Structures are given as structure tokens and as C-alpha cells.
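Here is what each chain is made of, one letter per residue.
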Amino acid sequence: PRLANQIAAGEVVERPASVVKELLENSLDAGARRVDLDIEAAGTKLIRIRDDGSGIASDDLPLALDRHATSKIESLDDLEQVGSFGFRGEALASIGSVSHLVVTSNTAEAGSDGQAASCSGRDMEVTLKPAAHPRGTTVEVRDLFFNTPARRKFLRTERTEFNHLDDVVKRIALSRFDVSFALRHNGRQLRDLRRCDNEADQLRRVASLCGPAFVENAVAIDRNAGDLRLHGWVAQPSFSRSQADLQHFYVNGRYIRDKLVVHAVRQAFSDVLYQGRHPAFVLYLELDPAEVDVNVHPTKHEVRFRDGRSVHSFIYSTLHKALADIRP
Ligand code: ADP
Ligand code: MG
């Protein structure tokens, strides 16, 4: 199991940003309304994430650090319709195998009788002790890759690694307006995103994550057709920005970067606008979960639509119309 954990770690834990992604998704799966991230040295020294989610029951805590222990699927049938992010039950075990990991959690409101489970590196011996914690979970990952020098060597500069990590936070914050997110790096508060109660709040968050210029030049779209809904913001044709990072597409709340989707969006933009512009958008596609497989690969952002053709034409026609309407 030790070796298996480290192999699995290679799949899921490529760099600090991938750890943060797994931990953020766990917090959201647990129903958190507020998530606080504390990062040191771009996550190589410390990643601490604290949430106010359901917490982990004492008996389940050691299990949570075990490979393939997931509380999220009961049967194989559930795999068909995974609503939660996690379902493989290997993230915490993988992270624990390449770091010093402490998970402190409490399911009770009282906050007195929590528990902390720790493990370090390869041997995965889990130590338990009582620890006070309000309802929710804190996961602390120290010295990532301390025992895998090869992986450590592949890390880029602190700045690059932190940018990757911040991208993950950004993507997730754009998908969950109902959750507060805070991000500190080396003791400095870099993001403080309050939960959004209305569209004005949402626009404020989009402005803070995508830049005020995007919001000033964006129009809101929202269209339903049968079981499909596409909503979000697309930039005005007059708004030209050459960064590819202003392209956020979500399917059922999950960030994706999929060939079919990219093609439909590109085609709509280029059919309406003249050449050379880079589309900027934050878009959310919602459809029946049975119509899409979002778990094609644990780390890639691909999806598989059951009826790709109608999804493509729905995205294309919706955007084409929206862009043509606002063309100056
Ligand atoms: P998965 O998310 O695939 O189930 P993980 O290794 O990421 O696997 O987590 C293992 C288990 O630990 C989860 O199924 C869940 O029960 C529990 N868990 C992890 N993080 C949290 C959290 N922040 N809040 C509540 N439970 C958690
Ligand atoms: Mg998980």
C-alpha cells in the first residue's frame, strides 16, 4: 500500500496547486460555506485549509487518510451520477504519503471534542489525539515532497507555483458564489471573497478575479433550451484582450477545458467578430448529470457529453446570438 500511495500521489499530487484543488474540493463536498487558505512558500512549506463543513466523525478520521476510503459513493451505480468532486478516495492518502499531514476535525457544534489525525510520508502510520476544533475541518500539509526529491526538483519558482495555486482558487471561487474564500500567502491577505447574495455581489467577485475591465465590457447571458442552460458573462466584441486566462467554462459547476466546448465558443466568437480577437468569458453550462461524464480523468479537465452535437450547437447558437446582439 505504501508504494501504491506514492504512485497514486504522482497522479493527483503534481504540485502545490493540485493539493489545494483536492483540499478545496473536499471542503466543498463537505458543504462548507467558508474556506480559509493559509499558504507559505507557494505551498511547499505549508498549505493549511480550514472549513466550516460537516466535519469528519472520530471513527472515520483514520479512514479518511486511507487509500480508497471514500465516504462519497455507496455503490457502483453512484459512479454514473457523481455529484461530488471526490469519489476515488485517494487524495488525502496520496498527499499524506508525500508530506507531513495533519487533519483536525469536529462534527459537533460544541467545538470541544474534536480530533486530530496525523501521518508523515511513506509509512502512513496514523496518530490520533484529541484536539479542540469548531465544527468543520482543518487540513495542514507541511513540507510537501520532503521525501520525494525528484518531484521537488520539478517545482518551478515560488512565483510560478503560487500563480498555479491562485488559479485553482480563482477557478473554484468563480464556480461557488455561495461560499466565502480567503487566501493568505506568506502572511499577506491576497484574496478575501465574501459569499455573494445577489448579482451585484457576483459581479464584484468576477471583477476582483477577472479584472474590472472584463466586467465593464461584459454582458450577462442566460438561456434555457430543454434540459440545457447556459449562463454567465461574455465580453463585448469591442473588448479585446489577448490573455487566454480569461476563459472560464464550467459544466455542472466544474471547471473544464474541453475540445468540443472550446470549438463551439471559438466558432461563435469568430463568426461574429473579426479575426484576431481572443474571446473572454465566464460561462456556466448546466445539464442533466446523466448526459455528461465529468470524471474521464482525475486531473485533466475533459468531459464527455452523451449528445455532443446538441451541446455544441446549443453553445454555439446561444453565444452567436448574444454576441451578434451586442455587436456595435
Ligand atoms: P474523496 O474526496 O475522493 O472521497 P479524499 O481522500 O479526498 O477522497 O477524502 C477522503 C474522505 O475524507 C472523504 O470521502 C471525506 O469523507 C473525508 N474528508 C476529506 N476532507 C474533508 C473535509 N474537508 N470535510 C469533511 N470530510 C472530509
Ligand atoms: Mg477528495
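Note: the structure precedes this text.
Note that the structure is predicted; figures quoted are calculated from it, not measured. (Residues numbered from 1 in each chain as written. Chains lettered and ligands numbered in written order. Predicted model: local features only at pLDDT ≥ 70, side-chain atom pairs only at ≥ 80, totals over all residues. Heavy atoms only, no water.)

The next thing to look at is unusual backbone geometry. Of note in the backbone geometry, Ala42 takes a positive phi value of approximately 55 degrees without being a glycine. With respect to the helices and strands, the residue Ala42 is situated in the loop between strand E1 (34–40) and strand E2 (46–51). In this structure, Asp143 takes a positive phi of about 50 degrees despite not being glycine. Structurally, Asp143 can be placed in the loop between strand E6 (136–142) and helix H6 (149–153). (Helix = DSSP H or I, 4+ residues; strand = E, 2+ residues; numbered from the N terminus.)

Under the counting rule described, the total for this entry stands at 15 salt bridges. Among the charged side chains, a salt-bridge network with shared partners connects Asp38, Arg48, Glu140, Arg142 and Arg184. (Salt bridge = Lys/Arg side-chain N within 4 Å of Asp/Glu carboxyl O.)

Look at helix H10 (residues 259–272) against helix H11 (residues 308–326): their axes get within 8 Å of each other, and the N-to-C directions meet at 30 degrees. Here H11 runs roughly parallel to H10, going by the angle between their axes. Between H10 and H11 lies a crossing of right-handed hand. Together, Leu260, Val261, His263, Ala264, Val265, Gln267, Ala268, Phe269, Asp271 and Val272 of H10 and Gly308, Val311, His312, Ile315, Tyr316, Leu319, His320, Leu323 and Ala324 of H11 make up the contact between the two elements. Residue composition of the contact of H10 with H11, grouped by class: 13 nonpolar, five polar and one charged. (Axes fitted to C-alpha atoms, helices over the stretch in contact; angles between N-to-C directions. Parallel < 35°, antiparallel > 145°, perpendicular 65-115°, else oblique. Left-handed = near helix turned anticlockwise from the far one by under 90°. Contact = heavy atoms within 4.5 Å. Nonpolar A, V, L, I, M, F, W, Y, C, P; charged D, E, K, R; others polar.)

This next bit is on the nonpolar core. By size, the foremost hydrophobic cluster in this structure holds 57 residues, and its most contacted members are Leu24 and Phe214. Those residues in contact with Leu24, other than ones at most four positions away along the chain, are Val35, Leu37, Ile49, Val168, Val169, Ile172 and Phe181. Formed by 29 residues, the second largest nonpolar core is a distinct cluster that contains Val261, Phe269, Phe314 and Ala322. (Core = buried A, V, L, I, M, F, W, Y, C linked by side-chain atoms within 4.5 Å. Buried < 20%, exposed > 50% of the residue type's maximum accessible area, 1.4 Å probe, protein only.)

With 16 residues, helix H7 (residues 158–173) extends 22 Å from end C-alpha to end C-alpha; this agrees with the ideal 22 Å at 1.5 Å per step. Inspection of H7 places Glu161, Phe162, Leu165, Asp166, Val168, Val169, Lys170, Ile172 and Ala173 among the buried residues, and these make up the whole buried set. Contacts made by the buried residues of H7 are with helix H2 (16–29), E1, strand E7 (180–185), strand E8 (188–193), helix H8 (199–210) and strand E11 (247–251). (Expected span 1.5 Å × (residues − 1).)

This part takes up the side chain of Ser105. Tracing the backbone through its elements, the reader meets Ser105 in strand E3 (residues 100–106). In terms of polar contacts, Ser105 uses its side chain to reach the backbone amide nitrogen of Ile56, at 2.7 Å. Of the polar contacts made by the side chain of Ser105, one reaches the side chain of Thr137; its length is 2.8 Å. When residues no more than four places from it in sequence are discounted, the contact partners of Ser105 are Gly55, Ile56, Leu61, Gly114, Gln115, His133, Gly136 and Thr137. (Polar contact = N/O pair within 3.5 Å; in protein donor to acceptor, adjacent residues only side chain to side chain.)

This part takes up H8. Its 12 residues place the ends of H8 16 Å apart at the C-alpha level, agreeing with the 16 Å of an ideal helix rising 1.5 Å per residue. Its side-chain oxygen placed 3.2 Å from the backbone nitrogen of Ala200, Asn198 serves as the N-cap of H8. Following H8 by one or two positions, Gly211 has its phi on the positive side, about 95 degrees.

Turning next to the packing of H2 against H7. Contact pair H2 / H7: the axes reach a minimum separation of 8 Å and the direction vectors enclose 25 degrees. In terms of orientation, H2 lies roughly parallel with respect to H7. Every pair of crossing elements has a handedness; the one defined by H2 and H7 is right-handed. Contacts from Pro16, Ala17, Val20, Lys21, Leu24, Glu25 and Leu28 of H2 reach H7 at Glu161, His164, Leu165, Val168, Val169 and Ile172. Grouping the constituent residues of the contact of H2 with H7 by class yields nine nonpolar, one polar and three charged.

A few words on the sheet that holds strand E9 (residues 218–225). Spatial ordering of the open sheet is given by E9-E10-E13-E11-E12, a layout of five strands whose pairing is mixed. Single-partner strands in this sheet number two, and they are E9 and strand E12 (254–256). Strand-to-strand twist across the sheet, computed as the mean angle between neighbouring axes with direction ignored, equals 20 degrees. Sheet topology places E11 next to E12; three bridges connect them, and they run antiparallel. Residue pairing in the sheet places Val251 in a bridge with Arg254 of E12. Taken strand by strand, H8 contacts E9, strand E10 (228–235), E11 and strand E13 (281–286), and its axis lies near 55 degrees from that of E10. Sheet strands touched by H11: E9, E10, E11 and E13. Its angle to E10, the strand with the most contacts, is close to 40 degrees. (Pairing = 2+ DSSP bridges.)

Moving on: the sheet that holds E2. Here eight strands make up an open sheet; going across it, the order is E5-E4-E3-E6-E2-E1-E7-E8 and the pairing mixed. Among the strands making up the open sheet, the edge pair consists of strand E5 (127–130) and E8. For this sheet, the mean inter-axis angle between neighbouring strands, taken without regard to orientation, is 10 degrees. As paired elements, E1 and E7 share six bridges and run parallel to each other. Each residue of the ladder has a partner; that of Leu37, found in E7, is Leu183. Against the sheet, H7 touches E1, E7 and E8, its axis set at about 175 degrees to E7. Each of E7 and E8 is contacted by H8, which is oriented at about 145 degrees to E8, the strand it contacts most.

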